[in-house]
Amino acid sequence: SVDLNGYTVTYGAEGNAYALFTVPSDSSLLLRGGEVRGNGSGSSNASNAQTSAVTTNGGRATLSGVRVRDLDCALFIDDRNIDADSTVKVVNCDFDTPCTTVNLYGNGDGSDARTRLIVQGTKIRGGYFGISGNDSTSNYGTDIVIMDSEVEGKWAAIYQPQRDSKTAVSGSKLTGYTGAVVKGGTVTFTDSEVKGTGAHAEPAAAAGGFTDTGDGIYVEATYTWSAGVVLHGAGNRISSVNSYAIDLFGVKGRGPGRMVCD
């Protein structure tokens, strides 16, 4: 347990690939009440995070009341090639980074459990994505829960391409060039606001990444597994400044894609 008691921990060395805290399997970390800063150096590519405040490799971590600045990402949840699953809780935090702020890699069939991320009462801003699943082909099996939070990404607040993934968003506000992008698994929205702010573009199959459509919610079901969105209840507010509120795109023999209102 590390109680920062309102102080700031700063990485003062000159390296550009590091994590201030690393949590391996069979270990746990409680970090609370202060600020974590990097040295401002790291990846020159906003999609490629090299520095992080906390990296987990199958471990358990809770961040409470933590502010993160001057790092590529706040959380790097990396369960690749191991038989353990990280569980990370983020409560009342404030993350602002130039890359993807929260990255998740599951371990596919490496274990029976699932990699889990729970975010509550938190502000997340990413210069690339706010929250992103990674390596959709083999490192799947991630669960994300976002409650009463604000998530913003330059290109998308949430990007989830992983098959067999589950994401639940409730009472939250998501904003991005394309607000939320789903290429794998199921994302369920309840009483949430999702907004796309970018220019309109017609949907199309992207081999990697996705087409920047400017939609509020965009489902691009072009992989060999399903991708879908569930809009639960009547309290969601989905919009786009220049494009469609909701857009569902698929190609023959792929997906399928689905959109459900319940």
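Look up: the structure comes first, before these words.
Below is a short write-up of the structure. (Residues numbered from 1 in each chain as written. Predicted model: local features only at pLDDT ≥ 70, side-chain atom pairs only at ≥ 80, totals over all residues. Heavy atoms only, no water.)

**A look at the sheet that holds strand β25 (residues 246-250)**
Under the convention used in this document: Paired strands, in this sense, are two strands between which DSSP finds at least two bridges. The helix count covers DSSP runs of H or I at least four residues long, the strand count covers runs of E at least two residues long, and both are numbered beginning at the N terminus. Every axis corresponds to a line fitted to the C-alpha atoms, with the helix fit spanning only the stretch in contact, and the corresponding angles, defined between N-to-C directions, vary from 0 to 180 degrees.
Judged by pairing direction, the sheet is parallel, and its nine strands sit side by side in the order β3-β5-β7-β10-β13-β16-β19-β22-β25 without closing on themselves. Two strands bound the open sheet, and with one partner strand each, they are β3 (18-24) and β25. Ignoring strand direction, the axes of neighbouring strands in this sheet form an average angle of 10°. Direction of pairing for strand β19 (residues 180-182) relative to strand β22 (residues 217-221): parallel, over a ladder of three bridges. The residue of β22 that forms the bridge with Ala180 is Ile217.

**Here's the deal with the nonpolar core**
Cut-off, in case you're wondering: Side-chain atoms within 4.5 Å are what join buried Ala, Val, Leu, Ile, Met, Phe, Trp, Tyr and Cys residues into a set we call a nonpolar core. Buried means the residue's accessible area, taken with a 1.4 Å probe over protein chains only, is under 20% of the maximum for its type, while exposed means over 50%, and partly exposed covers the values in between. Note on definitions: a residue-residue contact is assigned when non-hydrogen atoms from the two residues lie within 4.5 Å.
Residues Val54, Phe95, Leu117, Ile131 and Phe189 are the most contacted members of the largest nonpolar core, which totals 46 residues. Looking at which element gives the most residues to this core, the answer is strand β6 (residues 60-69), with four residues. With sequence-adjacent residues up to four places away left out, Phe189 is seen in contact with Val169, Leu174, Ala180, Val194, Ile217, Val229, Val230, Leu231, His232 and Asn236.

**Brief notes about the side chain of Thr56**
Structurally, Thr56 is set in strand β5 (residues 51-57). Given a relative accessible area of 1%, Thr56 falls into the buried group.

**Regarding the environment of Gly216**
Mapped onto the fold, Gly216 is located in the loop between β21 (193-196) and β22. Its relative accessible area of 0% is what places Gly216 among the buried residues. As for Gly216 and Ser239, which are separated by 23 residues in sequence, their C-alpha atoms are 5.1 Å apart. Ignoring anything within four residues of it in the chain, the contact list for Gly216 reads Thr178, Gly179, Ala180, Val194, Lys195, Gly196, Ile238, Ser239, Ser240, Tyr244 and Ala245.

**Observations regarding the pattern of salt bridges**
To keep things clear, this is the line we draw: Just to be clear on terms, a salt bridge is a Lys or Arg side-chain nitrogen sitting within 4 Å of an Asp or Glu carboxyl oxygen.
A full pass over the atoms with the stated rule returns twelve salt bridges. Of the charged contacts, one joins Arg125 and Asp96 as a salt bridge, the two residues approaching to 3.4 Å between their closest N and O atoms. Highlighted residues: Arg125 in strand β12 (residues 123-126) and Asp96 in strand β9 (residues 94-97), separated in sequence by 29 residues. In this structure, the salt-bridge partner of Glu220 is Lys183, at a minimum N-O distance of 3.0 Å.

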